[in-house]
Amino acid sequence: MNEERFQKRRLLLACYIVFALLPIYWMVNMSFKTNEEILSSFSFFPQHFTWSNYKTIFTDPAWYSGYINSLIIVAINMTISITVALPAAYAFSRYSFIGDKHLFFWLLTNRMTPPAVFLLPFFQLYSTLGMMDTHLAVALAHLVFNVPLAVWILEGFMSGIPREIDETAYIDGYSFPRFFLTIFLPLIKAGVGVTAFFCFMFSWVELLLARTLTSVDAKPIVATMTRTVSASGMDWATLAAAGVLTIVPGAIVIWFVRHYIAKGFAMGRV
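Let me sum up the structure you'll find in this document. (Residues numbered from 1 in each chain as written. Predicted model: local features only at pLDDT ≥ 70, side-chain atom pairs only at ≥ 80, totals over all residues. Heavy atoms only, no water.)

Considering the nonpolar core
Then comes step 1: Within the largest apolar cluster, 30 residues are counted, with the highest numbers of intra-cluster contacts made by Ile-57, Tyr-67, Tyr-126, Leu-209, Leu-213 and Ile-221.
Then comes step 2: Counting residues per element, the ones that place at least two in this core are helix H3 (52-59), helix H4 (61-94), helix H6 (115-129), helix H7 (135-159), helix H10 (189-205), helix H11 (208-213), helix H12 (221-224) and helix H13 (236-267).
Then comes step 3: Counting residues in hydrophobic clusters, the runner-up holds 27 residues, among them Ala-89, Phe-92, Leu-154 and Phe-184. (Core = buried A, V, L, I, M, F, W, Y, C linked by side-chain atoms within 4.5 Å. Buried < 20%, exposed > 50% of the residue type's maximum accessible area, 1.4 Å probe, protein only. Helix = DSSP H or I, 4+ residues; strand = E, 2+ residues; numbered from the N terminus.)

As structure tokens, this is what we get:
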């Protein structure tokens, strides 16, 4: 009976994996075809294999600059988000003060708010300050959503560290910056890894703010991919190749933080 149940679970898991990977495979398949083949026939493998779509992305500044802009925006956002969230999460995990629960809940409500709510205020503010179409503008806009999430995740990891470690370090003569950087931070490196992953994923795929707040100089790849319509129609082949290359950075990040993500699930913060 248990063996039969195990076989059914394996079958369901295999079906789920196939269902989840099929769109990715189809996008990879399309990236090696021409637009004519994509629109004229249905095939599981390219009939006329070509690298021209990837060549277009790596040689056209309008395409490869989008990846560079996205990486810059993500790097700025991750750095600021984690730098701001670390002391805030430590305060929530170690101290009790009036309104701490309400403030913590308010931070999470910002994360649950649709980006469209903040679109007009950001647009007007950046237009007034002359920050439109800059990497910093998009990175700062993403802080509204990434900082609350970062504080929530890091607070969970920090709460799992006994307070006796803090007290022992202070008795031994450690200053707070020295204690935090040399003792406490290494203990929560898993939390920092998980936080960096989720901040990366949001900034990498977020479209509405990125498309509205940029035009040319700082336009990320997600915004570039929405502007592939020309007089000849949609460039499906190049768009598929761009989609494949967009998945690669996320897959690399997941590979490096996979153990930290598993620990985050175990602690109930992911």
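Let's talk about helix H5 (residues 100-112)
Working note: α-helix, 3.6 residues per turn, so residues spaced by three or four point in the same direction.
Then comes step 1: The terminal C-alpha atoms of H5 lie 19 Å apart, and with 13 residues this matches the ideal 18 Å at 1.5 Å per residue to within 8%.
Then comes step 2: When we look at burial in H5, the residues that qualify are Asp-100, Phe-104, Leu-107 and Asn-110. Each buried residue of H5 lies within a common arc of 110° when the element is viewed along its axis, so the set occupies one face. Exposed and oriented more than 90 degrees from the buried face of H5 are Lys-101, His-102, Phe-105 and Met-112.
Then comes step 3: Of the surrounding elements, those touching the buried residues of H5 are H4, H6 and H7. (Expected span 1.5 Å × (residues − 1). Arc of directions from axis to C-beta. Contact = heavy atoms within 4.5 Å.)

Description of the packing of aromatic side chains
Then comes step 1: Counted according to the given criterion, the structure contains 22 aromatic pairs.
Then comes step 2: Taking the centre distance of 4.6 Å and the plane angle of 15° together, the rings of Phe-32 and Phe-49 count as stacked. Of this pair, Phe-32 sits in the loop between helix H1 (2-31) and helix H2 (35-40) while Phe-49 sits in the loop between H2 and H3, and the two are 17 residues apart along the sequence.
Then comes step 3: Overall, Phe-49 belongs to the partly exposed group, its relative accessible area being 49%.
Then comes step 4: Consider the rings of Phe-145 and Phe-202, whose centres lie 5.3 Å apart with planes at 35°: the pair is tilted. Residue Phe-145 is located in helix H7, and its partner Phe-202 is located in helix H10; the two are separated by 57 residues in the primary sequence. Pair check on accessibility: Phe-145 and Phe-202 agree, each one buried.
Then comes step 5: By the ring-pair criterion, three or more aromatic residues cluster together here, those being Tyr-90, Tyr-95, Tyr-170, Phe-176, Phe-179, Phe-180 and Phe-184. (Phe/Tyr/Trp six-rings, centres within 6.5 Å; stacked < 30°, edge-to-face > 60°.)

Regarding the pattern of salt bridges
Then comes step 1: One pass over the structure, following the stated rule, counts 1 salt bridge.
Then comes step 2: Across the salt bridge formed by Arg-94 and Asp-166, the nearest N and O atoms sit 3.1 Å from each other. In this pair, Arg-94 is assigned in helix H4 and Asp-166 in helix H8 (residues 163-171), connecting sequence segments 72 residues apart.
Then comes step 3: Arg-94 sits in the buried class, given a relative accessible area of 8%. (Salt bridge = Lys/Arg side-chain N within 4 Å of Asp/Glu carboxyl O.)

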